[in-house]
Amino acid sequence: MENVVEVKNLTHYYGKKLVYENLNFSIKKGSIFGLLGKNGTGKTTTINILNGFLKPASGQCLMFGEDSYKLSPETKARVGFLIEGHIQYDFMNIVQIEKFYSQFYPKWKKEPYWELMSKLKVTQGQRISKMSCGQRSQVALGLLLAQDPDLLILDDYSMGLDAGYRRLFIDYLSEYAKAEGKTIFITSHIIQDLENFLDDCVIIDYNSVLLTMPVKEFQKNFRQFNFTTQEAHLNLEKDDLVRNFENIKGHCVIYTFASESEVSEYLTQKGIAFTNLKLESMSLEDAFIGITGKY
(Lines give C-alpha, C1' and ligand atoms only; values in the text may rest on other atoms or scores of the structure.)
Protein backbone atom coordinates (compact mmCIF):
# COMPACT_ATOMS: atom_id res chain seq x y z
CA MET A 1 0.00 0.00 0.00
CA GLU A 2 1.24 3.47 -0.89
CA ASN A 3 2.85 5.49 1.91
CA VAL A 4 1.69 9.09 2.07
CA VAL A 5 4.22 9.98 4.78
CA GLU A 6 7.60 8.41 5.52
CA VAL A 7 9.76 9.43 8.46
CA LYS A 8 13.26 7.96 8.39
CA ASN A 9 15.72 8.10 11.31
CA LEU A 10 14.52 11.54 12.34
CA THR A 11 16.62 13.25 15.01
CA HIS A 12 16.17 16.79 16.28
CA TYR A 13 17.60 19.11 18.89
CA TYR A 14 16.71 22.51 20.27
CA GLY A 15 20.17 23.88 20.94
CA LYS A 16 21.88 21.04 22.80
CA LYS A 17 18.62 19.58 24.09
CA LEU A 18 17.65 16.33 22.36
CA VAL A 19 13.97 16.17 21.35
CA TYR A 20 14.15 12.61 20.00
CA GLU A 21 16.52 10.34 18.12
CA ASN A 22 15.93 7.96 15.20
CA LEU A 23 12.17 8.36 14.93
CA ASN A 24 10.77 6.10 12.19
CA PHE A 25 7.22 5.60 10.97
CA SER A 26 5.16 5.59 7.79
CA ILE A 27 1.52 6.49 7.15
CA LYS A 28 -0.40 4.42 4.63
CA LYS A 29 -2.81 6.01 2.19
CA GLY A 30 -6.35 6.06 3.60
CA SER A 31 -5.26 5.35 7.20
CA ILE A 32 -5.62 7.35 10.40
CA PHE A 33 -2.31 7.69 12.21
CA GLY A 34 -1.68 9.10 15.67
CA LEU A 35 1.48 10.62 17.10
CA LEU A 36 0.90 10.30 20.84
CA GLY A 37 2.87 11.68 23.73
CA LYS A 38 2.78 13.92 26.76
CA ASN A 39 3.15 17.68 26.45
CA GLY A 40 6.68 18.66 25.48
CA THR A 41 7.74 15.36 23.92
CA GLY A 42 8.08 16.63 20.34
CA LYS A 43 4.68 16.19 18.70
CA THR A 44 4.43 19.74 17.34
CA THR A 45 8.12 19.64 16.40
CA THR A 46 7.41 16.62 14.19
CA ILE A 47 4.45 18.40 12.60
CA ASN A 48 6.61 21.45 11.89
CA ILE A 49 9.30 19.30 10.29
CA LEU A 50 6.71 17.53 8.14
CA ASN A 51 5.32 20.84 6.94
CA GLY A 52 8.77 22.14 6.08
CA PHE A 53 8.81 24.79 8.82
CA LEU A 54 11.83 23.18 10.51
CA LYS A 55 14.85 21.35 9.14
CA PRO A 56 15.73 18.27 11.23
CA ALA A 57 19.20 17.76 12.66
CA SER A 58 19.35 14.49 10.75
CA GLY A 59 17.06 12.03 9.03
CA GLN A 60 14.44 12.62 6.37
CA CYS A 61 10.69 13.17 6.07
CA LEU A 62 8.82 12.51 2.86
CA MET A 63 5.28 13.54 1.95
CA PHE A 64 3.91 12.06 -1.26
CA GLY A 65 7.50 11.08 -2.07
CA GLU A 66 8.93 14.60 -1.73
CA ASP A 67 11.36 15.84 0.90
CA SER A 68 9.22 17.78 3.39
CA TYR A 69 11.75 20.63 3.50
CA LYS A 70 11.50 21.07 -0.28
CA LEU A 71 7.82 20.50 -1.01
CA SER A 72 6.50 21.64 -4.37
CA PRO A 73 3.44 23.93 -4.47
CA GLU A 74 1.47 21.03 -6.01
CA THR A 75 2.24 18.78 -3.03
CA LYS A 76 1.56 21.53 -0.49
CA ALA A 77 -1.88 21.94 -2.07
CA ARG A 78 -2.64 18.29 -1.22
CA VAL A 79 -2.13 18.88 2.52
CA GLY A 80 -4.61 20.44 4.94
CA PHE A 81 -3.13 21.65 8.23
CA LEU A 82 -4.97 22.52 11.44
CA ILE A 83 -2.73 24.04 14.08
CA GLU A 84 -3.14 23.96 17.82
CA GLY A 85 -5.57 26.63 18.97
CA HIS A 86 -7.66 26.84 15.74
CA ILE A 87 -6.37 30.31 14.77
CA GLN A 88 -8.61 32.06 12.21
CA TYR A 89 -9.62 35.53 11.05
CA ASP A 90 -12.03 35.89 13.92
CA PHE A 91 -13.37 39.31 12.91
CA MET A 92 -15.31 37.55 10.12
CA ASN A 93 -18.55 35.61 10.38
CA ILE A 94 -19.08 32.08 8.99
CA VAL A 95 -20.31 33.35 5.60
CA GLN A 96 -17.45 35.78 5.11
CA ILE A 97 -14.71 33.36 6.13
CA GLU A 98 -16.00 30.58 3.85
CA LYS A 99 -16.07 32.98 0.91
CA PHE A 100 -12.59 34.28 1.78
CA TYR A 101 -10.95 30.85 2.05
CA SER A 102 -12.66 29.51 -1.09
CA GLN A 103 -10.67 31.96 -3.25
CA PHE A 104 -7.39 30.18 -2.46
CA TYR A 105 -8.34 26.54 -3.14
CA PRO A 106 -9.23 25.37 -6.66
CA LYS A 107 -10.74 22.10 -5.30
CA TRP A 108 -12.92 23.93 -2.74
CA LYS A 109 -16.01 21.93 -1.66
CA LYS A 110 -18.30 23.99 0.51
CA GLU A 111 -20.71 21.15 1.41
CA PRO A 112 -18.67 19.71 4.36
CA TYR A 113 -18.24 23.21 5.76
CA TRP A 114 -21.92 24.08 5.70
CA GLU A 115 -22.92 20.66 7.00
CA LEU A 116 -20.81 21.31 10.09
CA MET A 117 -22.09 24.89 10.41
CA SER A 118 -25.65 23.55 10.48
CA LYS A 119 -24.78 21.71 13.71
CA LEU A 120 -23.71 24.91 15.48
CA LYS A 121 -26.08 27.19 17.35
CA VAL A 122 -24.79 30.37 15.72
CA THR A 123 -26.27 32.92 13.36
CA GLN A 124 -24.65 33.60 10.01
CA GLY A 125 -23.88 37.15 11.08
CA GLN A 126 -22.19 36.20 14.36
CA ARG A 127 -18.48 36.98 14.43
CA ILE A 128 -16.14 34.07 15.07
CA SER A 129 -14.56 36.06 17.91
CA LYS A 130 -17.92 35.87 19.74
CA MET A 131 -18.15 32.07 19.46
CA SER A 132 -17.12 29.49 22.04
CA CYS A 133 -13.86 27.59 21.62
CA GLY A 134 -15.81 24.50 20.56
CA GLN A 135 -17.74 26.41 17.92
CA ARG A 136 -14.54 27.94 16.54
CA SER A 137 -13.01 24.45 16.32
CA GLN A 138 -15.87 23.33 14.07
CA VAL A 139 -15.41 26.37 11.84
CA ALA A 140 -11.73 25.46 11.54
CA LEU A 141 -12.53 21.82 10.79
CA GLY A 142 -15.13 22.81 8.20
CA LEU A 143 -12.66 25.09 6.44
CA LEU A 144 -10.07 22.30 6.46
CA LEU A 145 -12.41 19.72 4.95
CA ALA A 146 -13.64 22.16 2.31
CA GLN A 147 -10.08 22.39 0.97
CA ASP A 148 -10.48 18.73 -0.05
CA PRO A 149 -6.89 17.77 0.89
CA ASP A 150 -5.56 14.25 0.41
CA LEU A 151 -3.69 14.42 3.74
CA LEU A 152 -5.08 16.12 6.83
CA ILE A 153 -2.61 17.06 9.58
CA LEU A 154 -4.14 18.04 12.91
CA ASP A 155 -1.92 19.21 15.74
CA ASP A 156 -3.54 18.85 19.17
CA TYR A 157 -7.02 19.61 17.83
CA SER A 158 -8.59 19.15 21.28
CA MET A 159 -7.08 22.23 22.92
CA GLY A 160 -9.79 23.95 24.96
CA LEU A 161 -12.64 21.70 23.79
CA ASP A 162 -15.18 20.11 26.11
CA ALA A 163 -16.14 16.44 25.78
CA GLY A 164 -19.11 17.05 23.48
CA TYR A 165 -17.19 19.11 20.94
CA ARG A 166 -14.25 16.69 21.04
CA ARG A 167 -16.62 13.84 20.24
CA LEU A 168 -18.33 15.81 17.45
CA PHE A 169 -14.94 16.68 15.98
CA ILE A 170 -13.70 13.06 15.96
CA ASP A 171 -16.98 11.49 14.84
CA TYR A 172 -17.41 13.84 11.89
CA LEU A 173 -13.75 13.55 10.90
CA SER A 174 -13.91 9.75 11.03
CA GLU A 175 -16.97 9.52 8.81
CA TYR A 176 -15.55 12.05 6.37
CA ALA A 177 -12.20 10.25 6.08
CA LYS A 178 -13.84 6.88 5.43
CA ALA A 179 -16.29 8.25 2.88
CA GLU A 180 -13.68 10.27 0.98
CA GLY A 181 -10.66 7.97 1.34
CA LYS A 182 -8.58 10.61 3.10
CA THR A 183 -5.38 10.10 5.10
CA ILE A 184 -5.17 11.66 8.57
CA PHE A 185 -2.16 12.39 10.76
CA ILE A 186 -3.20 13.56 14.22
CA THR A 187 -1.36 14.45 17.41
CA SER A 188 -2.95 14.51 20.82
CA HIS A 189 -2.27 14.02 24.51
CA ILE A 190 -5.98 13.31 25.19
CA ILE A 191 -5.94 9.62 24.40
CA GLN A 192 -9.45 8.59 25.43
CA ASP A 193 -11.00 10.21 22.33
CA LEU A 194 -8.82 8.22 19.93
CA GLU A 195 -9.49 4.63 21.04
CA ASN A 196 -11.80 3.69 18.17
CA PHE A 197 -10.43 6.27 15.77
CA LEU A 198 -6.77 5.43 15.07
CA ASP A 199 -5.41 2.67 12.87
CA ASP A 200 -1.72 3.03 13.75
CA CYS A 201 0.30 5.04 16.24
CA VAL A 202 3.75 5.98 17.44
CA ILE A 203 4.18 6.83 21.12
CA ILE A 204 7.02 9.13 22.06
CA ASP A 205 8.42 10.12 25.43
CA TYR A 206 11.01 12.67 26.45
CA ASN A 207 14.08 12.00 24.24
CA SER A 208 12.86 8.58 23.13
CA VAL A 209 10.47 6.59 20.96
CA LEU A 210 8.54 4.01 22.99
CA LEU A 211 6.76 2.08 20.26
CA THR A 212 5.36 2.13 16.75
CA MET A 213 2.57 -0.32 15.88
CA PRO A 214 -1.12 -0.71 14.97
CA VAL A 215 -3.37 0.44 17.81
CA LYS A 216 -5.31 -2.84 17.99
CA GLU A 217 -2.06 -4.79 18.23
CA PHE A 218 -0.87 -2.51 21.04
CA GLN A 219 -4.10 -2.92 22.98
CA LYS A 220 -4.11 -6.68 22.48
CA ASN A 221 -0.49 -7.35 23.45
CA PHE A 222 0.32 -4.69 26.04
CA ARG A 223 -0.80 -5.88 29.47
CA GLN A 224 -1.24 -4.76 33.05
CA PHE A 225 -0.62 -7.28 35.85
CA ASN A 226 -1.44 -6.51 39.47
CA PHE A 227 0.00 -8.39 42.44
CA THR A 228 0.61 -7.93 46.15
CA THR A 229 3.82 -8.32 48.12
CA GLN A 230 5.09 -7.78 51.64
CA GLU A 231 7.97 -5.75 50.21
CA ALA A 232 6.42 -2.31 50.57
CA HIS A 233 9.45 -0.60 49.03
CA LEU A 234 9.98 -3.00 46.14
CA ASN A 235 11.12 -1.26 42.99
CA LEU A 236 11.65 -3.00 39.64
CA GLU A 237 13.82 -1.26 37.08
CA LYS A 238 12.61 -1.04 33.49
CA ASP A 239 13.99 -3.76 31.22
CA ASP A 240 12.92 -5.91 28.26
CA LEU A 241 10.01 -7.36 30.28
CA VAL A 242 9.07 -4.52 32.65
CA ARG A 243 8.01 -1.48 30.62
CA ASN A 244 6.74 0.30 33.74
CA PHE A 245 6.27 -0.54 37.41
CA GLU A 246 4.31 0.92 40.33
CA ASN A 247 4.27 -0.02 44.01
CA ILE A 248 1.95 1.65 46.49
CA LYS A 249 2.36 0.05 49.91
CA GLY A 250 2.80 -3.43 48.51
CA HIS A 251 0.12 -3.20 45.84
CA CYS A 252 2.12 -3.51 42.65
CA VAL A 253 1.49 -3.08 38.94
CA ILE A 254 3.66 -4.30 36.06
CA TYR A 255 3.09 -3.03 32.52
CA THR A 256 4.51 -5.42 29.96
CA PHE A 257 4.18 -7.23 26.64
CA ALA A 258 4.87 -10.52 28.43
CA SER A 259 2.35 -13.26 29.30
CA GLU A 260 1.15 -14.08 32.81
CA SER A 261 3.42 -17.14 33.02
CA GLU A 262 6.41 -15.06 31.92
CA VAL A 263 5.68 -12.42 34.55
CA SER A 264 5.27 -15.09 37.23
CA GLU A 265 8.57 -16.71 36.28
CA TYR A 266 10.28 -13.31 36.20
CA LEU A 267 9.16 -12.42 39.74
CA THR A 268 10.15 -15.86 41.02
CA GLN A 269 13.62 -15.58 39.50
CA LYS A 270 13.99 -12.18 41.17
CA GLY A 271 13.21 -13.81 44.52
CA ILE A 272 10.09 -11.72 45.02
CA ALA A 273 7.37 -13.25 47.19
CA PHE A 274 4.04 -12.30 45.59
CA THR A 275 0.37 -13.23 45.68
CA ASN A 276 -2.78 -12.47 43.68
CA LEU A 277 -1.11 -12.03 40.31
CA LYS A 278 -3.95 -10.90 38.04
CA LEU A 279 -4.35 -9.57 34.51
CA GLU A 280 -6.31 -6.31 34.38
CA SER A 281 -8.13 -4.98 31.30
CA MET A 282 -7.04 -1.59 29.96
CA SER A 283 -8.45 1.14 27.75
CA LEU A 284 -6.15 2.80 25.23
CA GLU A 285 -5.64 5.64 27.71
CA ASP A 286 -4.71 3.14 30.44
CA ALA A 287 -2.21 1.49 28.10
CA PHE A 288 -0.78 4.87 27.09
CA ILE A 289 -0.25 5.86 30.73
CA GLY A 290 1.14 2.40 31.40
CA ILE A 291 3.86 2.72 28.82
CA THR A 292 4.67 6.42 29.30
CA GLY A 293 4.22 6.62 33.07
CA LYS A 294 2.07 8.97 35.09
CA TYR A 295 4.79 11.62 35.46
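What comes next is a walk through the structure. As the structure is a prediction and not an experimental result, all values here were calculated from the model.

Considerations on the packing of aromatic side chains
Logical step 1: Summed over all chains, the structure comprises 17 aromatic pairs.
Logical step 2: These aromatic residues form a ring-pair network of at least three members: Tyr-89, Phe-91, Phe-100, Tyr-101 and Phe-104.
Logical step 3: Looking at Arg-78, its charged tip hangs above the ring of Phe-64, at a distance of 3.8 Å from the centre.

Focus on the pattern of salt bridges
Logical step 1: Applying the stated criterion to the full structure yields six salt bridges.
Logical step 2: Lys-109 is the salt-bridge partner of Asp-148, the closest N and O atoms lying 3.6 Å from each other. Here Asp-148 is found in the loop between helix H5 (133-146) and strand S7 (151-155), whereas its partner Lys-109 is found in the loop between helix H3 (94-102) and helix H4 (110-117), with 39 residues between them in sequence.
Logical step 3: One salt bridge in this structure joins Lys-294 and Glu-246, with 3.4 Å as the shortest N-O distance. In this pair, Lys-294 sits in the segment after helix H9 (284-292) while Glu-246 sits in strand S12 (residues 244-248), placing the two residues 48 residues apart along the sequence.
Logical step 4: For Lys-294, a relative accessible area of 55% translates into the label exposed.

What about the environment of Val-202?
Logical step 1: One can find Val-202 in strand S9 (residues 200-205).
Logical step 2: The exposure class of Val-202 is buried, given its relative accessible area of 0%.
Logical step 3: For the pair Val-202 and Phe-33, spaced 169 residues apart in sequence, the C-alpha separation works out to 8.2 Å.
Logical step 4: For Val-202, the contacting residues outside a window of four places in its chain are Leu-23, Phe-25, Phe-33, Gly-34, Leu-35, Leu-36, Val-209, Leu-211 and Thr-212.

Analysis parameters
Residues numbered from 1 in each chain as written. Predicted model: local features only at pLDDT ≥ 70, side-chain atom pairs only at ≥ 80, totals over all residues. Heavy atoms only, no water. Phe/Tyr/Trp six-rings, centres within 6.5 Å; stacked < 30°, edge-to-face > 60°. Lys NZ or Arg CZ within 6 Å of the ring centre and 35° of its normal. Salt bridge = Lys/Arg side-chain N within 4 Å of Asp/Glu carboxyl O. Helix = DSSP H or I, 4+ residues; strand = E, 2+ residues; numbered from the N terminus. Buried < 20%, exposed > 50% of the residue type's maximum accessible area, 1.4 Å probe, protein only. Contact = heavy atoms within 4.5 Å.

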